[in-house]
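A closer look at the structure
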Amino acid sequence: MVTAMFTLSKLLLANGGCLRGGDDQRGNNGPLPAEATVAVIGLDGSGKSTLFAAVRGEPVDDVLPTMGQASDTFLFQKRTNVTLLDLGGAEKIRGIWPKYFAEIHGFLFVVDAEDSARFSEAKTCLDTVLVHKYTKGKPFVILANKADRTGAAGPEEIEMALELEPSDTLPIGKGGGGVGWHRVVSCAAIKVTRRKAHAGVINGIRALLSAVAREADTLLPRRDIDMAAHTKEADAARAAKHARVQKIRDERERKAAVEEVAPAVQAGEGSNDASEPPSSSCIAPESIPHSKPLAASYEEEGAVEPVTIQPAASAAAKTDLVAPQWAISSQPSTPTEQEHKIPEFNNPQALRKRTKRNQIVPV
């Protein structure tokens, strides 16, 4: 069975790589558009970059995989200006594909016909593309690349693996289930003759451009509408991103300002706590002095010692006693005590009661 499949692939390559061979009346013949934008997508390692180089007439030996996207414009068969977008197929790069879906008229999906283990992954990837709002209903061509190798799957097998409706049953320019018109074409991108791409590659591109020309009445206005909507979405996304970045920046600056002022505020609070006296509400009741006479409180606390006074030897000494200078055994601790004691000593009546033998003996 493998030998039969390989023989079928050889026949397809000899006939230009088409599913039905030769110039298929359902896709290859017909007018071509004046210009078209086409994306080349598919899994990594499927041969997209090699195909891109072959179409441009560049050497296909040691072609490096596309990291991101590459684009070029060339004149196809001296009739159509084709802008070809080569989009990287690595899993981490596929996220950029939707950015270009709005501007394309159709796309080429490249499958490694030899690597049947990745057919399921290729189907999942293709399904994601077909349901996108900017690609839904647009024509596409499946390029079964590396068909020259032993064991490579033919167009029908790949069509079944991708679960696509058979090409022969599709009306021209229409696909089932919202899927655009499509075809599966075998090719060998590595086979370049006189700087010309393989016949299968040329045949697949021509089939896609013919579909674009047939559906120009709907594809051209739709492309303009899709691009305007995509531009609006991109502007809104950029504005939202800018707002998020600005919010993060403002929050970072606010935290930095708080951290810069915090040490000074803490130092000021510490100095205020040390210098300010406690408020009256914080004074304990037991620390408030009781309301006793001032002299009594002084005597109880021992602030003033008793004064020994002796009267003068004769009565004449009394008359000579005018504003005597009393010697007090201990100095009053505060002016209030002194003001309390002096009026008592300057009172003559009180003085006579305290004198003994009319003599004052200074201490």
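The rules we used
Residues numbered from 1 in each chain as written. Predicted model: local features only at pLDDT ≥ 70, side-chain atom pairs only at ≥ 80, totals over all residues. Heavy atoms only, no water. Helix = DSSP H or I, 4+ residues; strand = E, 2+ residues; numbered from the N terminus. Buried < 20%, exposed > 50% of the residue type's maximum accessible area, 1.4 Å probe, protein only. Contact = heavy atoms within 4.5 Å. Areas by Shrake-Rupley, 256 points an atom, 1.4 Å probe, with all protein chains shown as cover. Core = buried A, V, L, I, M, F, W, Y, C linked by side-chain atoms within 4.5 Å. pLDDT = per-residue confidence, 0-100. Pairing = 2+ DSSP bridges. Axes fitted to C-alpha atoms, helices over the stretch in contact; angles between N-to-C directions. Salt bridge = Lys/Arg side-chain N within 4 Å of Asp/Glu carboxyl O. 1 Å grid on protein atoms, 1.4 Å probe; cavity = no way out; pocket = protein on both sides within 12 Å on 5 of 7 lines; lining within 4 Å. Points joined across faces, edges and corners; volume = space filled by probe spheres on them. Nonpolar A, V, L, I, M, F, W, Y, C, P; charged D, E, K, R; others polar. Phe/Tyr/Trp six-rings, centres within 6.5 Å; stacked < 30°, edge-to-face > 60°. Lys NZ or Arg CZ within 6 Å of the ring centre and 35° of its normal. Expected span 1.5 Å × (residues − 1). Arc of directions from axis to C-beta.

**Here's the deal with the overall build of the chain**
Check the secondary structure of the chain and you find 11 helices and six strands. A buried classification covers 37% of the 363 residues belonging to the chain. For the chain, contacts bridging at least 24 residues in sequence account for 77% of all contacts bridging at least 6. Approximately 21,300 Å² of the chain is accessible, and the part contributed by carbon and sulfur atoms is 55%.

**Comments concerning the nonpolar core**
Counting 31 residues, the largest nonpolar core has Ile41, Phe107, Phe109, Leu126, Ile142, Ile158 and Leu162 as the members making the most contacts within it. Listing elements by their share of this core, those giving two or more residues are strand S1 (35–42), strand S3 (80–87), helix H3 (98–101), strand S4 (106–112), helix H4 (119–130) and strand S5 (140–145). Considering each element in turn, this core owes the most residues, six residues, to H4. When residues no more than four places from it in sequence are discounted, the contact partners of Phe109 are Ile41, Gly42, Ala122, Cys125, Leu126, Val141, Ile142 and Leu143. Among the nonpolar cores identified, the runner-up in size contains 29 residues, and Leu32, Ala53, Val110 and Ala189 belong to it.

**Some points on the confidence of the model for the chain**
Scored by pLDDT, the chain comes out at a mean of 76, with 62% of its residues at no less than 70. Segment residues 168–176: pLDDT under 50, and 21 contacts once partners within four positions in sequence are set aside and those in other chains are kept. When the criterion is pLDDT under 50, residues 315–321 qualifies, and its contacts beyond four places in sequence or with other chains add up to five contacts.

**Points about the sheet that holds S3**
Here we have six strands laid out as an open sheet, ordered S2-S3-S1-S4-S5-S6, and mixed in their pairing. For this open sheet the edge positions go to strand S2 (69–76) and strand S6 (182–186), each flanked by a neighbour on one side alone. Within this sheet the neighbouring strands show an average axis-to-axis angle of 20 degrees, counted without direction. Note that S1 and S4 share five bridges and pair parallel. Looking across to S4, one finds that Gly42 is bridged to Val110. Along the sheet face, H4 touches S1, S4 and S5 and points at about 170 degrees away from the line of S4.

**Let's talk about the pattern of salt bridges**
Within this structure, the stated rule accounts for 14 salt bridges. Between Arg118 and Glu121 there is a salt bridge whose closest N-O contact spans 3.1 Å. One salt bridge in this structure joins Arg222 and Asp226, with 3.2 Å as the shortest N-O distance. Here Arg222 and its partner Asp226 are both found in helix H7 (residues 216–275), four residues apart, which amounts to about one turn of the helix.

**A look at helix H2 (residues 48–55)**
Judged by how many residues are buried, H2 sits mostly within the fold: eight of eight residues are covered. Within H2, burial applies to Lys48, Ser49, Thr50, Leu51, Phe52, Ala53, Ala54 and Val55. Of the surrounding secondary structure, the elements contacted by the buried residues of H2 are S1, S2, S3, S4, S5 and helix H6 (199–214). Residue Gly57 follows H2 closely and has a positive phi angle near 80 degrees.

**Digging into the layout of surface pockets**
In this structure, the largest pocket encloses a volume near 360 Å³. What lines the largest pocket is a set of 27 residues, and nearest its centre among them are Gly45, Ser46, Gly47, Lys48 and Thr50. At the level of elements, H2 and S3 are the ones that each hand at least two residues to the lining of the largest pocket. Here the lining of the largest pocket gets three residues from one element, more than from any other, and that element is H2. A breakdown of the residues in the lining of the largest pocket according to their chemical character gives 11 nonpolar, nine polar and seven charged.

**Let's talk about the environment of Leu220**
Note that Leu220 resides in helix H7. Spatially, the C-alpha atoms of Leu220 and Ile104 are 9.8 Å apart, while their sequence positions differ by 116 residues.

**Description of the packing of aromatic side chains**
Under the defined criterion, the tally for this structure stands at one aromatic pair. Look at Phe107 and Phe140: their rings are 5.0 Å apart centre to centre, the planes differ by 5 degrees, and that puts the pair in the stacked class. Within this pair, whereas Phe107 is found in strand S4, its partner Phe140 is found in strand S5, the two being separated by 33 residues in sequence. By the burial criterion, Phe107 is buried, and Phe140 matches it. The aromatic ring of Trp181 is capped on one face by Arg214, whose charged end is 5.4 Å from the ring centroid.

**Observations concerning the pairing of S3**
Here S3 lies mainly inside the structure; six of its eight residues are buried. Across eight bridges, the pairing between S2 and S3 is antiparallel. Paired with Gln69 across the bridge in S3 is Leu87. From the end of S2 to the start of S3, which pair antiparallel, there are three residues, and Gln77 there has a positive phi angle of about 50 degrees.

**Section: H4**
Compared with the 16 Å implied by 1.5 Å per residue over 12 residues, the 16 Å span of H4 between its first and last C-alpha is a close match. For H4, the complete set of buried residues consists of Phe119, Ala122, Lys123, Cys125, Leu126, Val129 and Leu130. Viewed end-on, H4 has its buried residues packed into an arc of 165 degrees, placing them on one side of the element. Pointing more than 90 degrees away from the buried face of H4 are the exposed residues Ser120, Thr124 and Thr128.

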